[in-house]
Amino acid sequence: DTAVSQTPKYLVTQMGNDKSIKCEQNLGHDTMYWYKQDSKKFLKIMFSYNNKELIINETVPNRFSPKSPDKAHLNLHINSLELGDSAVYFCASSPRDSPLHFGNGTRLTVT
Amino acid sequence: DQQVKQNSPSLSVQEGRISILNCDYTNSMFDYFLWYKKYPAEGPTFLISISSIKDKNEDGRFTVFLNKSAKHLSLHIVPSQPGDSAVYFCAATSLNTDKLIFGTGTRLQVFP
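Residues numbered from 1 in each chain as written. Chains lettered and ligands numbered in written order. Predicted model: local features only at pLDDT ≥ 70, side-chain atom pairs only at ≥ 80, totals over all residues. Heavy atoms only, no water.

Enquirer: Is there a simple way to explain the overall build of chain A in this structure?
Expert: Across its full length, chain A holds zero helices and 11 strands. Starting at the N terminus, the α and β elements of chain A follow one another as β-β-β-β-β-β-β-β-β-β-β. Relative to the globule expectation of 13 Å for 111 residues, the C-alpha radius of gyration of chain A, 13 Å, shows essentially globular dimensions. Overall, the C-alpha framework of chain A stretches about 35 × 25 × 25 Å when taken along its three principal axes. Out of the 111 residues in chain A, the part that is buried amounts to 44%. Excluding contacts between residues fewer than 6 apart, the proportion of contacts in chain A whose partners are at least 24 apart in sequence is 52%. Counting 13 positive and 11 negative side-chain charges, chain A places the averaged centre of each group 6 Å from the other. (Helix = DSSP H or I, 4+ residues; strand = E, 2+ residues; numbered from the N terminus. Rg over C-alpha atoms; globule rule 2.2 N^0.38 Å. Buried < 20%, exposed > 50% of the residue type's maximum accessible area, 1.4 Å probe, protein only. Contact = heavy atoms within 4.5 Å. Lys, Arg positive; Asp, Glu negative; His and termini not counted. Charge placed at Lys NZ, Arg CZ, Asp CG, Glu CD.)

See the structure below:
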């Protein structure tokens, strides 16, 4: 009964590959997010969707494409992976003007 | 440009004592502040928040203080318990946006 679940938990892949991370929330929240925590521990917002509509796109390379088939899902697809994409990616959801609920993260390692 | 700063990467406190975690921000438009707690291999979980119209908010052992003039907030945990050992992130936002800006975290270790 995990509230925000993301898969996979770990992802190891080679440069140039395309990969996806899935996220689902069963909290009924309207807004979902992707955050990236890099090696320096900065946790930065990448995207925000509200009811399947893109709200925030934080100057992320267009190799990253979020997709929201419905308001309970926000998947992240990454094309042509680069070494610098290695990080922990967190999905989150929230009702309007309320604290975020995070998933447990996906550790992506690009070799 | 780091708008939310946690200058202490780590803090070690004895069980039963007070833990004080500090956070500074630069953007005067921030009007809502939050603390998140993170255990290894888990996502951050919401702990406590404070609106800019207040200077203190208390929830059990956790109290957040806000000094708007100094652009500084702090989280007090008293008494500290070993289960409080985690990384604590300070975060700030404006309520008219969905963007939450995080600090880099402070690792708290509470020892017996």
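Enquirer: Would you mind going over the interface of chain A and chain B with me for this structure?
Expert: Put simply, an interface is often sized by how much accessible area is lost when its parts join up. With 22 residues of chain A at the contact, the number on the chain B side is 16 residues. Together, the buried faces of chain A and chain B total about 1700 Å²; carbon and sulfur atoms form 58% of this surface. Here chain A and chain B share one salt bridge between them. One salt bridge connects B:Lys99 with A:Glu58, and the closest N-O pair in it is separated by 2.9 Å. At the boundary of chain A and chain B, one finds six residue pairs in polar contact (both at pLDDT 80 or more). (Buried area = accessible area lost by both parts, 1.4 Å probe. Salt bridge = Lys/Arg side-chain N within 4 Å of Asp/Glu carboxyl O. Polar contact = N/O pair within 3.5 Å; in protein donor to acceptor, adjacent residues only side chain to side chain.)

Enquirer: Looking at this structure, how should I read the sheet that holds strand 1 (residues 4-5) of chain B?
Expert: Hydrogen bonding along the main chain pairs the strands of a sheet, whether they run parallel or antiparallel. Pairing in this open sheet of five strands is antiparallel, and the strands run 1-3-8-7-6 (chain B) from one edge to the other. Since the sheet does not close on itself, it has two edges, and those belong to strand 1 and strand 6 (56-59) of chain B, each with one partner. (Pairing = 2+ DSSP bridges.)

Enquirer: What is the right way to read unusual backbone geometry from this model?
Expert: If a residue is not glycine, its phi is most likely negative; likewise, a peptide bond is most likely trans. A:Pro8 follows A:Thr7 through a cis peptide bond whose omega is 0°. Along the chain, B:Val78 connects to B:Pro79 via a cis peptide bond; the corresponding omega equals -10°. Of note, B:Pro79 is situated in the loop between strand 8 (72-77) and strand 9 (86-93). For B:Ala41, which is not a glycine, the phi torsion comes out positive at approximately 65°.

Enquirer: I keep staring at the sheet that holds strand 3 (residues 19-25) of chain A and nothing clicks. Help me out?
Expert: Residues and elements named next belong to chain A. Ordered by their spatial adjacency, four strands build an open sheet running 1-3-8-7, and the pairing between neighbours is antiparallel. In this open sheet, the two edge strands, each paired with only one partner strand, are strand 1 (4-7) and strand 7 (64-70). Taken pair by pair, the neighbouring strands of this sheet meet at an average axis angle of 20°, ignoring direction. (Axes fitted to C-alpha atoms, helices over the stretch in contact; angles between N-to-C directions.)

Enquirer: It is not clear to me how the environment of B:Pro82 should be interpreted in this structure. Could you clarify?
Expert: One can find B:Pro82 in the loop between strand 8 and strand 9. Taking the C-alpha atoms as reference points, B:Pro82 and B:Glu15, separated by 67 residues in sequence, lie 6.4 Å from one another.

Enquirer: Can you help me understand the nonpolar core in this one?
Expert: Proteins that are soluble and globular tend to have nonpolar side chains buried together. Residue and element names in this part refer to chain B. Counting 24 residues, the largest nonpolar core has Val4, Phe33, Trp35, Leu73, Leu75 and Tyr88 as its most contacted members. When contributions to this core are tallied by element, the ones reaching two or more residues are strand 3 (19-25), strand 4 (32-38), strand 5 (45-51), strand 7 (62-67), strand 8, strand 9 and strand 11 (106-111). With four residues, strand 9 is the largest single contributor of residues to this core. Beyond its immediate stretch of four places on either side in the chain, Tyr88 contacts Gln6, Leu21, Trp35, Tyr36, Lys37, Leu47, Leu75, Ile77, Gly105, Thr106 and Leu108. (Core = buried A, V, L, I, M, F, W, Y, C linked by side-chain atoms within 4.5 Å.)

Enquirer: Before we go on, may I ask you to explain the side chain of B:Ser49 in this structure?
Expert: Residues and elements named next belong to chain B. With respect to the helices, strands and loops of the structure, Ser49 is situated in strand 5. Among the polar contacts listed, one links the side chain of Ser49 to the side chain of Tyr32, at a separation of 2.8 Å. Setting aside residues no more than four positions away along its own chain, Ser49 makes contact with Tyr32, Phe33, Leu34, Asn57 and Val64.

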